[in-house]
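# Observations on the three-dimensional arrangement
These are the residues of each chain, in order.
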Amino acid sequence: MLLAHPALLTDLIREYEMLSALDADDGGPAAQRRLDDIGYSLCMATGTSDVDAALVAARHRLPGARVHDDSTLTARRRRTPRVPRHR
């Protein structure tokens, strides 16, 4: 599996967190679409099918990541984008 560059992961995490903090789920269609796109990109970059798992996986790939990451304990539940399955 190809691994995404840490700089890309950092940008995706930062943008996803920013949109989440602005509560893009309740925003307009453009904000919701962007949040979905970033979530999808995180899933593709980490090889996961769930945004929460993708965020944890991305954080673990960053330089200086801790072995025991508690990010899932404080994460707000977000709508998971559908990741197409290719057969």
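### Structural notes on the nonpolar core
Ranked by internal contacts, the top residues of the largest apolar core, which has 16 residues, are Leu-9, Ile-13, Tyr-16, Ile-38, Leu-42 and Leu-55. Once you skip the residues sitting within four places of it in the chain, Ile-13 turns out to touch Leu-42, Leu-55, Ala-58, Arg-59 and Leu-62.

### Points about the packing of helix H1 (residues 6-21) against helix H2 (residues 29-46)
Closest axis-to-axis distance for the H1/H2 pair is 10 Å, and the angle between their directions is 145°. In this structure, the crossing between H1 and H2 has a hand that is left-handed. Here H1 contributes Leu-9, Leu-12, Ile-13, Glu-15, Tyr-16, Leu-19 and Ser-20 to the contact with H2, which in turn contributes Arg-34, Leu-35, Ile-38, Gly-39, Ser-41, Leu-42, Ala-45 and Thr-46. Here the residues of the contact of H1 with H2 are counted per class, giving 9 nonpolar, 4 polar and 2 charged.

### Comments concerning H2
Relative to the 26 Å expected for 18 residues at 1.5 Å per residue, H2 spans 26 Å between its end C-alpha atoms, a close match to the ideal helical length. Of all the residues in H2, the buried ones are Gln-32, Leu-35, Asp-36, Ile-38, Gly-39, Leu-42, Cys-43, Ala-45 and Thr-46. Check the buried side of H2 and you find it contacts H1 and helix H3 (51-61). Positive backbone phi, at 75°, marks Gly-47, one or two positions downstream of H2.

### Brief notes about the confidence of the model for the chain
Confidence in the prediction of the chain, expressed as mean pLDDT, is 81, and 71% of residues score 70 or more. Of all helices and strands in the chain, the one with the weakest mean pLDDT is helix H4 (residues 71-74) (54), whereas H3 scores best (93).

Conventions and cut-offs
- Residues numbered from 1 in each chain as written.
- Predicted model: local features only at pLDDT ≥ 70, side-chain atom pairs only at ≥ 80, totals over all residues.
- Heavy atoms only, no water.
- Core = buried A, V, L, I, M, F, W, Y, C linked by side-chain atoms within 4.5 Å.
- Buried < 20%, exposed > 50% of the residue type's maximum accessible area, 1.4 Å probe, protein only.
- Contact = heavy atoms within 4.5 Å.
- Axes fitted to C-alpha atoms, helices over the stretch in contact; angles between N-to-C directions.
- Helix = DSSP H or I, 4+ residues; strand = E, 2+ residues; numbered from the N terminus.
- Left-handed = near helix turned anticlockwise from the far one by under 90°.
- Nonpolar A, V, L, I, M, F, W, Y, C, P; charged D, E, K, R; others polar.
- Expected span 1.5 Å × (residues − 1).
- pLDDT = per-residue confidence, 0-100.

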